[in-house]
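# Structural characterization, general
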Amino acid sequence: MKKRGTVGFYIFLVVFVFLVMFPFIWVFLTSIKPVNEIFSSFKWFTSNPTLSSYEAALTNRPLLRYMLNSFVVSMLTTVLSLTFAAFTAYAVTRLPIKGKGLILGLVLAASMFPQIAIISPMFNLVTNLGLRNSYLGLIIPYITISLPLAIWILSTFFKKIPYELEESAKLDGASPFQTFRKIILPLATPGIFTTGILVFIAAWNEYLFALTINSDDQWRTVPVGISMYQSEFSIPWGDISAATVIVTIPIVVLVLIFQRRIVSGLTSGSVKE
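Residues numbered from 1 in each chain as written. Predicted model: local features only at pLDDT ≥ 70, side-chain atom pairs only at ≥ 80, totals over all residues. Heavy atoms only, no water.

The next thing to look at is the UniProt feature "transmembrane region" (unreviewed entry) in the chain. When the UniProt feature table is mapped to this numbering, "transmembrane region" (unreviewed entry) covers residues 7-29, 66-90, 102-123, 135-158, 183-204 and 240-258. Taken end to end, residues 66-90 is 100% helix and 0% strand, and its first and last C-alpha atoms sit 36 Å apart. (UniProt positions renumbered as here; feature names shortened; annotations may be inferred. Helix = DSSP H or I, 4+ residues; strand = E, 2+ residues; numbered from the N terminus.)

Right, let's get into the packing of aromatic side chains. In this structure the tally under the stated criterion is 8 aromatic pairs. Arranged with centres 6.3 Å apart and planes meeting at 70°, the rings of F71 and F200 form a pair that is edge-to-face. One end of the pair, F71, is in helix α4 (residues 63-94); the other, F200, is in helix α10 (residues 189-205), with 129 residues separating them in the sequence. Grouped by ring-pair contacts, the aromatic residues F18, F22 and W26 constitute a single cluster. (Phe/Tyr/Trp six-rings, centres within 6.5 Å; stacked < 30°, edge-to-face > 60°.)

Moving on, we get to α10. In this model α10 runs 24 Å from its N-terminal to its C-terminal C-alpha over 17 residues, within 8% of the 24 Å that 1.5 Å per residue would give. Within α10, burial applies to P190, G191, T194, T195, G196, I197, V199, F200, A203 and W204. (Expected span 1.5 Å × (residues − 1). Buried < 20%, exposed > 50% of the residue type's maximum accessible area, 1.4 Å probe, protein only.)

Let's shift gears to the packing of α4 against helix α5 (residues 100-111). Packed helix pairs are characterised by how far apart their axes lie and by the angle those axes make with each other. Remark: α4 packs on α5, axes separated minimally by 9 Å, with the N-to-C direction vectors making an angle of 145°. Relative to α5, α4 is oriented so that their crossing is left-handed. Contact with α4, carried on its side by A91, V92, T93 and R94, involves K100, I103 and L104 of α5 and no other residues of that element. When grouped by side-chain class, the residues that make up the contact of α4 with α5 number 4 nonpolar, 1 polar and 2 charged. (Axes fitted to C-alpha atoms, helices over the stretch in contact; angles between N-to-C directions. Left-handed = near helix turned anticlockwise from the far one by under 90°. Contact = heavy atoms within 4.5 Å. Nonpolar A, V, L, I, M, F, W, Y, C, P; charged D, E, K, R; others polar.)

Dropping the structure here:
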């Protein structure tokens with residue numbers, strides 16, 4: 001019975017992974033098909049694989065420029081969001097501040113606003129500051145939508161750190177900032193990495209603000225840039241599929257590099273001591 005259960009589990013696991021990976025597999029197989037086969041047949045594999053779609057994806061549009069823009073905006077958004085979120089989460093979880101629950105409630109309420117509801121005031125703010133078609137013009141709204149999530153996640157990790165360590169540091173004469181820098185941050189490293197990955201991916205995939213604020217092709221990010229591949233009379237699915245595969249690779253590499261820290265962060269505090 002145990003062997004049957006193990007076999008059943010692995011069958012379920014294979015089916016589950018296949019279903020999760022199916023969209024990416026289909027996009028990859030489409031990207032290596034000749035253009036005339038993409039619409040003429042529904043076969044999984046092609047007998048004449050080609051990289052022409054990848055060449056077209058890199059030459060017809062400035063895809064590498066889009067990727068650079070997305071990387072710069074996502075990285076700066078992640079660093080700034082983690083910095084602000086770490087200080088805020090430490091203050092509302094470790095310092096004797098009144099109304100902590102209200103503060104976290106307001107943060108949660110702010111995260112519930114749909115992007116379309118704040119796009120108009122955010123667009124006016126960025127325009128009045130003269131920041132349209134710039135990195136900073138996207139970083140400001142990205143921080144706005146990612147900061148509540150980062151604060152909530154980091155608050156959860158900071159609460160799991162024993163208060164006795166902080167009290168011992170205070171007895172040794174450490175200031176709140178020293179305690180935060182030398183004790184809280186090192187112990188919360190897995191949670192910080194997990195939060196950083198989530199914020200980075202959210203900024204990398206964001207579309208609405210990027211479409212509205214950065215209208216110049218030189219400043220477009222990956223999601224908007226790929227949407228511009230289509231023309232008035234045709235949609236080059238081969239080019240779009242190839243571009244999708246290319247821009248997915250950095251995210252996959254990033255997750256693989258930090259997978260141990262991500263798993264450690266996701267499971268941290270799951271077992272009550």
